[in-house]
Amino acid sequence: MSKLNLGTVITTRETKTLYRDGDKCIKLFNKGYSKQDVLNEALNQARLEDTELNIPQVLEVTMIDGAWGIIFEFIEGKTLTEIIAADPENVKQYIDMMIDLQLKIHAQKCPMLPKHRDKMFRKISATEFVDEIKYELHTHLNGMPKHNKICHGDFRPSNIIITPDDKPYIIDWSHATQGNASGDVARTYLVYLLTNQKENGEYYLNRYCEKTDTPRKYVEQWVRIVAASQTVKGKKEEFDFLDRIVNVMEAQ
């Protein structure tokens, strides 16, 4: 791995840094990051390469100076976040495009992916909510319709790359599961709320429901489940907001 040029930084995030080495993208995780999570992400993405979606291919899983890394094919282009920032007046048009891409994801099947329902159940069990709330959330989750559609798990503009010839690629499949598409939509909606983009989030959710003839109240039932699961990340700045979603929706 000494031949890799780790000097070209694409972006730095909380637990990882992305580098470019020619036609390769190296996602290098912080030292001590879970080996299990790294291997799971690589396996998820490898499985999804067999779908009809545009996804960067996994080339290698490696260790560099004591840190785990995944090497993907590098996709030339701009993220949808960058495109929106340069053209904010057309944000609704870009959100519509994002929804259409998400619908393509949900139209795919990948039987080897973990179950979204199982993941939510485990996360709810790990929350700090009292047992009565956990029981109610588990019961609510078990009552939701069971599907097996691909769910990205963190579908947002920064995880979409548009190539110079307008071909969209979807990246970061570490949270991918199979399950109910509305759970995936609830996650994207929550991302908008947590990043202070409520207006865009409302447009996104309303347009998704219009395009799919899905009652908004149905997706909102998933918002409470996803909000509870999000609290296990331990972000103190998010907890009060997520706690309100869980408790207010319980009262409703």
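Residues numbered from 1 in each chain as written. Predicted model: local features only at pLDDT ≥ 70, side-chain atom pairs only at ≥ 80, totals over all residues. Heavy atoms only, no water.

Peer 1: I tried to follow the nonpolar core on my own but got confused; where do I start?
Peer 2: A general feature of soluble globular proteins is that nonpolar side chains tend to end up buried together. Membership of the largest hydrophobic core comes to 52 residues, with the highest contact counts inside it found for Leu-48, Trp-173 and Tyr-204. With near-sequence residues (within four places) excluded, Trp-173 lies in contact with Asn-44, Gln-45, Leu-48, Leu-53, Ile-55, Ile-105, Ile-150 and His-152. In this structure, Phe-29, Ala-42, Trp-68 and Ile-70 belong to the second largest nonpolar core, which totals eight residues. (Core = buried A, V, L, I, M, F, W, Y, C linked by side-chain atoms within 4.5 Å. Buried < 20%, exposed > 50% of the residue type's maximum accessible area, 1.4 Å probe, protein only. Contact = heavy atoms within 4.5 Å.)

Peer 1: Just to check I follow, could you spell out the packing of aromatic side chains for this structure?
Peer 2: Where two aromatic rings form a pair, the distance of their centres and the angle of their planes describe that pair. Tallied over the entire structure, the rule returns three aromatic pairs. An angle of 25 degrees between the planes, with centres 4.6 Å apart, marks the rings of Phe-29 and Tyr-33 as stacked. For Phe-29, a relative accessible area of 2% gives the class buried. The exposure class assigned to Tyr-33 is partly exposed, which follows from its relative accessible area of 26%. When the centroid spacing of 6.2 Å and the interplanar angle of 25 degrees are considered together, the rings of Phe-129 and Phe-239 count as stacked. A residue pair is termed long-range when its members are at least 10 positions apart, and Phe-129 in the loop between helix H4 (116-125) and helix H5 (131-142) and Phe-239 in helix H9 (residues 236-251) qualify at 110 residues. By relative accessible area, which is 29% here, Phe-239 ends up partly exposed. (Phe/Tyr/Trp six-rings, centres within 6.5 Å; stacked < 30°, edge-to-face > 60°. Helix = DSSP H or I, 4+ residues; strand = E, 2+ residues; numbered from the N terminus.)

Peer 1: In this structure, what is going on with the sheet that holds strand S8 (residues 160-162)? I would like to understand it.
Peer 2: What links the strands of a sheet is backbone hydrogen bonding, and the strands pair in either a parallel or an antiparallel sense. In spatial order, the strands read S6-S8-S9; together these three strands make up an open sheet with antiparallel pairing. Strand pairing shows two members of the sheet lacking a second neighbour, strand S6 (78-79) and strand S9 (168-170), which therefore form its edges. (Pairing = 2+ DSSP bridges.)

Peer 1: Please explain the pattern of salt bridges as it appears in this structure.
Peer 2: Two side chains that carry opposite charge are able to pair once their charged atoms sit near each other. As enumerated under the stated definition, the model contains 13 salt bridges in all. A salt bridge links Asp-96 to Arg-207; the shortest N-O distance between them is 3.0 Å. In this pair, Asp-96 sits in helix H3 (residues 91-106) while Arg-207 sits in helix H7 (residues 198-212), placing the two residues 111 residues apart along the sequence. A relative accessible area of 22% places Arg-207 in the partly exposed class. Between Arg-224 and Glu-136 there is a salt bridge, and its shortest N-O distance comes to 2.4 Å. Here Arg-224 is found in helix H8 (residues 216-230), whereas its partner Glu-136 is found in helix H5, with 88 residues between them in sequence. Salt bridges sharing partners connect three or more residues here, namely Arg-13, Lys-27, Glu-41 and Asp-172. (Salt bridge = Lys/Arg side-chain N within 4 Å of Asp/Glu carboxyl O.)

Peer 1: For this particular structure, what's the right way to read the side chain of Lys-134?
Peer 2: Within the secondary structure layout, Lys-134 lies in helix H5. One buried charged side chain, Lys-134, makes no salt bridge at all; its nearest oppositely charged neighbour is Asp-131, positioned 4.6 Å away. When sequence neighbours within four positions are dropped, the list of residues in contact with Lys-134 reads Ile-124, Ser-125, Thr-127 and Phe-129. (Lys, Arg positive; Asp, Glu negative; His and termini not counted.)

Peer 1: I'm lost on unusual backbone geometry in this one. Help?
Peer 2: As a rule of thumb, non-glycine residues mostly have phi less than zero, and peptide bonds are mostly trans rather than cis. Within the chain, Asp-65 stands out as a residue other than glycine whose phi angle is a positive 50 degrees. Here Asp-65 is to be found in the loop between strand S4 (58-64) and strand S5 (67-73).

Peer 1: How should I be thinking about the environment of Thr-79 in this particular structure?
Peer 2: Inspection of the secondary structure assignment puts Thr-79 in strand S6. Distance from Thr-79 to Ser-158, taken between C-alpha atoms, is 5.4 Å for residues 79 residues apart in sequence. With sequence-adjacent residues up to four places away left out, Thr-79 is seen in contact with Pro-157, Ser-158, Ile-160 and Ile-161.

Peer 1: Is there a simple way to explain the sheet that holds strand S1 (residues 9-12) in this structure?
Peer 2: A sheet is described by the order of its strands in space; here five strands give the open sequence S1-S2-S3-S5-S4, paired in antiparallel fashion. Either end of the sheet is taken by a strand with one partner, and the two such strands are S1 and S4. On average, each strand axis in the sheet is tilted by 20 degrees relative to the strand beside it, whichever way the strands run. Across six bridges, the pairing between strand S2 (residues 16-21) and strand S3 (residues 24-29) is antiparallel. Note on S3: the bridge partner recorded for Tyr-19 is Ile-26. (Axes fitted to C-alpha atoms, helices over the stretch in contact; angles between N-to-C directions.)

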